[in-house]
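Coordinate analysis (summary)
Single-letter residue listing:
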Amino acid sequence: MIKNEYYYEMNELANECRREWFINENVPIDIFNVIMNKFDDVTIVFMNMENISGASTIIGKSKLIFINSKESYARQRFNIAHELYHLRFDNRSVTCTGEENKENENKADQFASCLLLPHGALCHYEKINHLKNNWTLEDIINAEQFFQISHQAFIWRLRLLEKITFEDYNKFKVSIKNKALNMGYDTKLYQPYHETNCTMGSYINKVNKLFDKDLISPGLRDELLLDAFYYDKVW
Ligand SMILES: [Zn+2]
């Protein structure tokens, strides 16, 4: 049985964040947009990282989130939300291999799940779609597409709340890309958002501001942009 002892506490933390960012509880969240518009100190680095979903670190006033570029868009969204928990509530550098501090990893996972899909929104969705412990694979895909949450994260959530049986959880734990395609959805959710090494967020903006204020030379600017994989911005 999956432990859900932190679930409601993590849901409240996630809802506090939504309220702070003026994002309604019942709507899907654009987590990349949140990073770009609600933070001026967070940079996301997409890298091919073996066996690591994500990592985050704080350097002075700057916060860095490292995301595995090979994972799907849905998984990358979940991992950004997971790393936001570490940055905001753990306040320390972490590498998420699944091996270290199981309690914090569990909390970060539940926070991420609730940030992408608040508990109230799940209950509301069930109510308007007449779902109550009778979820089918099609219902699950429809909800995942609406909230833009990964298949694995969503069925884990349904199992956590005992809305599906363990047998159903195992039955639903399949690749659903073709099924979603046959239901008329595109495959964006199941493919990487950025598959190659790249950077988004405050770092690029800061480098360019330093250059605009003549605080760094053109050579140093180019070097700093190359460090952030901005090959096409260097001339
Ligand atoms: Zn973690």
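Above this text you will find the structure in question.
A few points on the structure.

About the thresholds
- Residues numbered from 1 in each chain as written.
- Predicted model: local features only at pLDDT ≥ 70, side-chain atom pairs only at ≥ 80, totals over all residues.
- Heavy atoms only, no water.
- Pairing = 2+ DSSP bridges.
- Helix = DSSP H or I, 4+ residues; strand = E, 2+ residues; numbered from the N terminus.
- Phe/Tyr/Trp six-rings, centres within 6.5 Å; stacked < 30°, edge-to-face > 60°.
- Donors = N, O, S within 2.8 Å, 3.2 Å for Na, K, Ca; no water.
- Buried < 20%, exposed > 50% of the residue type's maximum accessible area, 1.4 Å probe, protein only.
- Core = buried A, V, L, I, M, F, W, Y, C linked by side-chain atoms within 4.5 Å.
- Expected span 1.5 Å × (residues − 1).

**Observations concerning the pairing of strand β2 (residues 54–59)**
Bridge count for β2 against strand β3 (residues 62–68) is six bridges, and the pairing is antiparallel. Bridge pairing links Ile59 to Ser62 in β3. Hairpin connection between β2 and β3: a loop of two residues separates the two successive antiparallel strands, and Gly60 in this loop has a positive phi of roughly 60°. Note that β2 and strand β4 (residues 94–96) share three bridges and pair antiparallel. Bridge pairing in β4 places Gly54 opposite Cys96.

**Some words on the packing of aromatic side chains**
Applying the stated criterion to the full structure yields 16 aromatic pairs. Relative to Tyr73, the ring of Phe32 lies with its centre 6.0 Å away and its plane at 15°, an arrangement referred to as stacked. A residue pair is termed long-range when its members are at least 10 positions apart, and Phe32 in helix α2 (residues 31–38) and Tyr73 in helix α3 (residues 73–90) qualify at 41 residues. Seen in terms of ring centroids, Tyr85 and Phe89 are 5.4 Å apart; in terms of plane orientation they differ by 40°. Their pairing is tilted. Of the two residues, Tyr85 and Phe89 both sit in helix α3, four residues apart, roughly one turn of that helix. Within the aromatic cluster, the residues linked to one another by ring pairs are Tyr125, Trp135, Phe146, Phe147 and Phe154.

**Thoughts on the coordination of the zinc ion**
Every protein donor of the zinc ion is accounted for by His82 (NE2), His86 (NE2), Cys96 (SG), Glu105 (OE) and Glu105 (OE), and the metal-donor separations fall at 2.0 to 2.6 Å. Mapped onto the sequence, the residues coordinating the zinc ion show the spacing H-x3-H-x9-C-x8-E. You can see His86 sitting in helix α3 and its partner Cys96 sitting in strand β4, a full ten residues away along the chain. By the burial criterion, His86 is buried, and Cys96 matches it.

**As for the nonpolar core**
Residues Trp21, Leu115, Trp135 and Phe154 are the most contacted members of the largest nonpolar core, which totals 61 residues. Ranked by residues supplied to this core, first place goes to α3 with eight residues.

**Focus on the environment of Asp227**
Position of Asp227 among the secondary structure elements: in helix α11 (residues 218–227). A C-alpha to C-alpha distance of 34 Å links Asp227 and His151, two positions 76 residues apart in sequence.

**Digging into α3**
An ideal rise of 1.5 Å per residue puts 26 Å on 18 residues; α3 measures up with 25 Å between its terminal C-alpha atoms. Extensive coverage of α3 is indicated by the burial of 15 of its 18 residues. Phi for Asn91, located one or two positions after α3, is positive at around 60°.

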